[in-house]
Amino acid sequence: MAETPGSAGSFADRPARARWPRAVLKLSGEALASSSSDETIDARTVRRIASEIAESCDELGVELAVMVGGGNIWRGTTGAGEGMDRATSDTMGMLGTVINALALQDAIEREGRATRVLSAIAMAEVCEPYIRRRAIRHLEKGRVVIFAAGMGNPYFTTDTPAALRAAEIEAGVILKGTHSGVDGVYSADPRRDPGASRFDEISFAEVMSRDLRVMDMTAITFCMDNALPILVFDLMTPGNIRGALTGQSIGTLIR
Ligand code: UDP
């Protein structure tokens, strides 16, 4: 895959339009599935997300890393609920994220942007292992980094590894894309309560005290401890990835 010319360089060289020069995009596996059929990975949906990622990187000069989930393929709690060993079931979930990461890699590269999949579970024939300094180097060279296999440990979802990796690579924000039609953080579930209102901004403490289920609480507390903001936004609206990166008032900023 050819590298994108001129994409390497210091933050000072980049256009000033991006609010966050380096970001982690958390994509749920289900965002890659089809909403109208039972396709686990819907090629058109993946292509649309990939083209937005590639375009945002090209136009804004941002360094973007993606943490992709695996819920469209397997969730650890599903197997555990059926009596499976939890750690085994979670490992299956992590392997699901690798499948999604490869689908995304293929689609982003077909948009002309170089990528690297970095897995927390060693898979030498398929992708690189996650090494923090290498991830940063890839980003500096203009490659989209795709984190696979979460953090490599069971008993987590991909929310907490998204936060962990964001802190490790010194990203300025986690962009948490939603796919359920809920375009931010609300006072109550807007699908059930028509009186629910969306916050433009909310503190970590309030998310916790109101028990608002936007991300795993482990991820929320980690982000609070490390002063890492989270922007919750609707991933399915075209143009929103770019909008989130440029600081348009979409979604809810938790900080
Ligand atoms: N998982 C895990 N450790 C991790 C990340 C993920 O065990 O660090 C497993 C867990 O079983 C989880 C599954 O992988 O249910 C898929 O990830 P997730 O539920 O976050 O997918 P998403 O909801 O984002 O599609």
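Data block above holds the structure.
The text that follows walks through the structure, step by step, so that each part is easy to find.

Rules behind the numbers
Residues numbered from 1 in each chain as written. Predicted model: local features only at pLDDT ≥ 70, side-chain atom pairs only at ≥ 80, totals over all residues. Heavy atoms only, no water. Helix = DSSP H or I, 4+ residues; strand = E, 2+ residues; numbered from the N terminus. Buried < 20%, exposed > 50% of the residue type's maximum accessible area, 1.4 Å probe, protein only. Contact = heavy atoms within 4.5 Å. Near = heavy atom within 4 Å. Polar contact = N/O pair within 3.5 Å; in protein donor to acceptor, adjacent residues only side chain to side chain. Areas by Shrake-Rupley, 256 points an atom, 1.4 Å probe, with all protein chains shown as cover. 1 Å grid on protein atoms, 1.4 Å probe; cavity = no way out; pocket = protein on both sides within 12 Å on 5 of 7 lines; lining within 4 Å. Sits in = over half its atoms within 2 Å of the grid points. Nonpolar A, V, L, I, M, F, W, Y, C, P; charged D, E, K, R; others polar. Core = buried A, V, L, I, M, F, W, Y, C linked by side-chain atoms within 4.5 Å. Expected span 1.5 Å × (residues − 1). Axes fitted to C-alpha atoms, helices over the stretch in contact; angles between N-to-C directions. Parallel < 35°, antiparallel > 145°, perpendicular 65-115°, else oblique. Left-handed = near helix turned anticlockwise from the far one by under 90°.

1. Points about the side chain of N240
Position of N240 among the secondary structure elements: in helix α8 (residues 240–245). On the basis of relative accessibility, which here comes to 11%, the residue N240 falls in the buried class. Ignoring anything within four residues of it in the chain, the contact list for N240 reads E52, F233, D234 and I250.

2. Considering the site of the ligand
The immediate surroundings of the ligand are formed by 22 residues, with G29, R75, D90, N153 and T158 found nearest. For the ligand, an oxygen atom lies 2.8 Å from a polar atom in the backbone of G76. For the ligand, whose free accessible area comes to 520 Å², the fraction covered by protein is 95%. Applying the majority rule of atoms within 2 Å of the grid points places the ligand in the largest pocket. Broken down by element, the shell around the ligand gets its largest block of residues, 3 residues, from helix α3 (residues 86–110). A class-by-class count of the residues in the shell around the ligand yields 6 nonpolar, 12 polar and 4 charged.

3. Considerations on the nonpolar core
In this structure, L25, L27, I53 and L175 are the most contacted members of the largest nonpolar core, which totals 40 residues. Of all the secondary-structure elements, those providing two or more residues to this core are β1 (22–27), α1 (43–60), β2 (63–68), α3, β5 (144–148), β6 (173–178), β8 (230–234) and α8. Excluding anything up to four places from it in sequence, I53 contacts L25, L64, V66, I108, V144 and I241. Ranked by size, the runner-up nonpolar core spans 31 residues in total, among them A171, V185, I202 and M215.

4. Quick notes on α1
The end-to-end C-alpha distance of α1, which contains 18 residues, comes to 25 Å, matching closely the 26 Å that a straight helix rising 1.5 Å per residue would cover. Of the surrounding secondary structure, the elements contacted by the buried residues of α1 are β1, β2, α3, β5 and α8. After α1 finishes, the residue G61 shows a positive phi value of roughly 70°.

5. Let's talk about the packing of helix α5 (residues 159–168) against helix α7 (residues 217–225)
Between α5 and α7, the shortest axis-to-axis distance is 7 Å and the interhelical angle comes to 20°. By the angle class used here, α5 and α7 are roughly parallel. For α5 against α7, the interelement crossing comes out left-handed. Contact residues: α5 offers D159, T160, A163, L164 and A167, while α7 offers T218, A219, F222 and C223. Of the residues belonging to the contact of α5 with α7, the class tally is 6 nonpolar, 2 polar and 1 charged.

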